[in-house]
Amino acid sequence: MAFLGKPVPRLEDERLLRGQGRYVDDLSYPGTLHLALLRSPLASARVLGLERERALGMPGVVGVFTHEEVPLEIPVRVPKGANPAFHPALAKGVVRYVGEPIAAVVAETRAQAEDALEALAQGLDLDPLPQVVDLEEALKDEVLVHPELGTNLAYRRYVKGGEVEEAFQRAHRVVQAKIRIPRVAPLSLEGRGVLAVPEGEGLLLYASTQVPHRLRELLAQALGLPQEALRVVAPEVGGAFGAKLNLYPEEVLAAFLARRLGRPIKWVEGRREAFLATAHGRGQLGEVALALSEEGRVLGLRARILADVGAYLLETTFPPHGGTVLMLQGPYAIPALEVELLALYTHATPTGAYRGAGRPEATFYLERIFEIAAKTLGEDPVAFRRRHLLRGPFPHRTLTGAQYEGGDYEGALQALLEAARYEELRAFQEEARKEGRKVGLGLAFYVEVTGYGYEVGTVRVHPDGSATLFTGTSPHGQGAGTAFAQIVADTLSLPLGRIRVVYGDTQAIPMGQGTAGSRTLQVGGSALLLAAEKVREKMRRIAAHLLEVAPEDLVLEGGAFRVKGAPLAVSVAEVAQVAYDPRRLPRGMEVGLEERATFNLEGATFPYGAHLALVEVDPETFLVRVLGYWAVDEVGRVVNPLLAYGQAQGGVVQGLGQALLEEVVLDPQGQNLTASLLEYALPRAAQAPKVIWSPGEEHPSPQNPLGAKGIGEAGAIAAPPAIANAVLDALGLLHLDLPLTPPKLFQALRGG
Ligand code: MCN
């Protein structure tokens, strides 16, 4: 084990730091045309007319297209019982959110295409219709987003376990809260982008995506083409955070028009478009109640949640809803639970997966209501949580149907408290308060669900002893390529630098499920491990043949197969060379050194952890400063602590954004008031706390051969409640909705 578990620096970084990363916008083909979209300025309107002549006469303009010429639909998988609505690639007579594409302009340059948009916008005739943006209004069905459905309800999910009515009847006290989790924008450094290149009867599509294979499948469906006609390549992808799991109108339009016009077409998202036309995350309103016994024991939990779908369903509209419901019991022993989730259409940008996809919402409801309960009871929030933590036996099936493989929840909490010196922090808080300072401590505990599906991995060892790995996952910033190389380097005793990892190309890799749900390492890594083990066994047989011993007599270490107890060895490099030389191979053995394996994750893994934030609120400006942040994320076996730590740090900062700064603000007319980085506040480096992180005591998952669970989303799940709890603790308030901006805090304390 030379590399597993070691903090190996990212192999990806050198090319990225040298500016050698090639993103969609860096790719060019001769004769490439550019696509720009005329987007709706209104949230709800009938399209009465569009004057195209002036735009068509402008320099470089090749064509202007509407739904009439491109009558395509965005396909989507929906759960049973859902109410799907027709989602056109270009609006069909009606627009339903600000930013919805109405017409596509294709021109020789991007500037020419954008100039033509201005002319088109002047000739656009819209007849405003009533709109519904607020969730509680949407529930009333007075204004319908899709009148043909007769309701705004896209989907209802209901789960009940235990004697809920009895629990609430028996309760000595019920604490409740109405908790709004605002829409946020999953902004990545690189926005979305697509370059569609016609190739014979088919198409080569470069896309900034997390799921090349799924994109190919959906695109083939949208275009009515066989999948084999399409090759999807994800070049370097500069972040995604869940938003690049969907098929969007732009990909369909670029692909369709490239084939129609017989020339490559490129579209690269502008930052404003990222705010208007890329799926938002979160967007829920939950009413949560906790029934407590006289001794302060939780008897039951009830939640009614309204979830904002936006105007149309996307590929990832529903998973966050499922995730919210599934994880609502969290790490706690709760004897009875009832949750109803109503997913509602509104006249707004569609919502979808965003880092955590439902688990941050569930954790936020739970960690806020537990905090409120502890405060109401006058008990220390740590003690209150500790009393309710699940202690096994594991595996434990929750009332919502999650199958926790377990671990040591109390141990993780204890590790956190020790790392942070919790008692000393409380004493510090006490002292600070005496001086009039507003210092607060906030804890959040979580269990989350990571991983799904199968993955395919191929390991090819070349005659020169180098290796190429192929994976159906599609990392886009997490650095999984480094972890994959570590796994294979150890399995085959190869130097790290001789391993190359290939992903993100449907032609090079036959199938795969991409990167999402913190699945890549545990599912993709396991497939590569199994493939590498197959390669190792073939190498062992070759080595045994060369050394004239039995395969069982060999050990692989230090880059060579060695005979146990004898000074005889053959190097891995030599074995690799022989593998391609039929004259030297054992009789009947296939030439070459390449194996493929798939790994199918049965169920999922359930990492858990605890985060603690220490904050101070400035009494004059109400700015929140995070003075300290500690996290224990138990993610099974950690393959690369540097990568895992990077994920924890990044996730916490993203969670801090949600807690303190970020909100997509829609006015009652559905106008997005935060559609630029001037208005939408992302956390900056100076606001980012240094996360004191530990993976706690490793409890390897029995679900996969690596024993790994996912870490990619943990920070974004735990940080919002940890920070919110800390700020509210500092101010002595029971609840305020996110984000906890200075004006909101000021009003709560001063303005009433
Ligand atoms: N890792 C490890 N040991 C473990 C688990 C993970 O060493 N036990 C390492 C992996 O090798 C990988 C990283 O930690 O380098 C994250 O792995 P994993 O938990 O498998 O998560 P994924 O690679 O599947 O990443 C997806 C996750 C999600 S769902 C979102 S959203 C998110 C996130 O990752 N989006 C990101 N982190 C992101 N980071 C960047 N830079 N950009 C995004 O868009």
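This text follows the structure it describes.
Residues numbered from 1 in each chain as written. Predicted model: local features only at pLDDT ≥ 70, side-chain atom pairs only at ≥ 80, totals over all residues. Heavy atoms only, no water.

Side note on the overall build of the chain
Spelled out, the test is: Each helix corresponds to a stretch of at least 4 residues labelled H or I by DSSP, and each strand to a stretch of at least 2 residues labelled E; elements are numbered beginning at the N terminus. Each radius of gyration reported is based on C-alpha atoms, and the globular scaling rule is 2.2 Å times the count of residues to the power 0.38. Note on classification: 1.4 Å probe, protein chains only; a residue is buried when its accessible area is under 20% of the maximum for its type, exposed when over 50%, partly exposed between these limits. Only heavy atoms matter for contacts: two residues are in contact if any of them lie within 4.5 Å across the pair. Throughout, the Shrake-Rupley method with a 1.4 Å probe supplies accessible areas, and for residues the shown protein chains are the sole cover considered. In this tally, Lys and Arg are treated as positive and Asp and Glu as negative; His is ignored, and so are the chain termini. Charge positions are represented by NZ for Lys, CZ for Arg, CG for Asp and CD for Glu.
When helices and strands are tallied, the chain shows 19 helices and 28 strands. Expected size for 752 residues packed as a compact globule is a radius of gyration near 27 Å; at 27 Å, the chain falls within 12% of this value. A principal-axis box enclosing the C-alpha atoms of the chain has dimensions of 85 × 75 × 45 Å. A burial count over the chain gives 60% of its 752 residues as buried. Relative to all contacts within the chain whose residues are 6 or more apart in sequence, the contacts with residues 24 or more apart total 80%. Accessible surface computed for the chain: about 28,100 Å², of which carbon and sulfur atoms make up 51%. Counting 75 positive and 88 negative side-chain charges, the chain places the centres of these two groups 2 Å from one another.

Quick notes on the side chain of Lys-709
Along the chain, the position of Lys-709 falls in the loop between β28 (691-694) and α18 (714-731). Residue classification places Lys-709 among the buried positions, given a relative accessible area of 3%.

Overview of the site of the ligand
Spelled out, the test is: For this description, a residue counts as near a given molecule or strand if any of its non-hydrogen atoms is within 4 Å of it. Within 3.5 Å is the distance limit for a polar contact, defined as a pair of N or O atoms, with the added protein rule that one can donate a hydrogen and the other accept it, and that residues adjacent in sequence qualify only through two side-chain atoms.
The full set close to the ligand counts 31 residues, and Ala-240, Thr-520, Arg-637, Gln-647 and Ile-711 are the nearest of them. Within the backbone of Gln-478, an N or O atom sits 2.8 Å from an oxygen atom of the ligand. Take Lys-709: an N or O atom from its main chain is 3.1 Å from a nitrogen atom of the ligand. Here the ligand has 840 Å² of accessible area as a free molecule, and 95% of this is covered by the chains. Elements that contribute at least two residues to the shell around the ligand include exactly α14 (480-492), α15 (520-547) and α17 (641-661).

Re the sheet that holds strand β3 (residues 61-65)
Across a sheet, paired strands are connected by hydrogen bonds in the backbone, their directions being either parallel or antiparallel. Short version of the rule: When DSSP locates at least two bridges between a pair of strands, those strands are taken to pair. Note on definitions: angles span 0 to 180 degrees between N-to-C directions of axes, and those axes are lines fitted to C-alpha atoms, for helices only across the stretch in contact.
Pairing within the open sheet is mixed, and its seven strands lie in the order β3-β5-β1-β12-β9-β10-β11. Edge positions in the sheet fall to β3 and β11 (230-233), since each has one partner strand and no second. When strand polarity is set aside, the average angle formed by the axes of neighbouring strands in this sheet is 20 degrees. The sheet contact formed by strand β10 (residues 202-207) and β11 spans four bridges and is parallel. In the strand pairing of β11, Tyr-206 is matched with Val-233. In the packing of helix α3 (residues 110-122) onto the sheet, the strands contacted are β1 (33-39), β3, β5 (101-107) and β12 (265-268), and the crossing angle to β1 comes to about 25 degrees. The sheet contacts of helix α7 (residues 249-261) involve β1, β3, β5, β9 (193-199), β10 and β12, and relative to β1 the element is tilted by about 135 degrees.

Regarding the pattern of salt bridges
Rules: A pair is scored as a salt bridge if a Lys or Arg side-chain nitrogen falls within 4 Å of a carboxyl oxygen belonging to Asp or Glu.
In this structure the tally under the stated criterion is 49 salt bridges. The shortest N-O distance in the salt bridge between Arg-15 and Glu-236 comes to 2.9 Å. With a gap of 221 residues between them, Arg-15 in helix α1 (residues 13-17) and Glu-236 in the loop between β11 and α7 connect regions that are remote in the sequence. Owing to a relative accessible area of 30%, Arg-15 belongs among the partly exposed residues under this scheme. Between Arg-214 and Glu-217 there is a salt bridge, and its shortest N-O distance comes to 2.8 Å. In this pair, Arg-214 and Glu-217 are both assigned in helix α6 (residues 212-223), three residues apart and thus about one turn of the helix distant. When its relative accessible area of 35% is taken as the criterion, Glu-217 is described as partly exposed. Each of Glu-367, Glu-371, Lys-375, Asp-380, Arg-385, Arg-426 and Asp-729 takes part in a single network of salt bridges with overlapping partners.

Examining unusual backbone geometry
The omega torsion of the bond from Gly-392 to Pro-393 falls at 5 degrees, within 30 degrees of zero and hence cis. With respect to the element layout, Pro-393 can be found in the loop between α11 (381-388) and β16 (396-397). A cis geometry characterises the amide bond from Leu-738 onward to Pro-739, with omega recorded as -10 degrees. If you trace the backbone, Pro-739 turns up in the loop between α18 and α19 (742-751). Look at Phe-622: it is not a glycine, yet its phi comes out positive at around 65 degrees. As for its position among the elements, Phe-622 is in the loop between β26 (608-617) and β27 (624-634).

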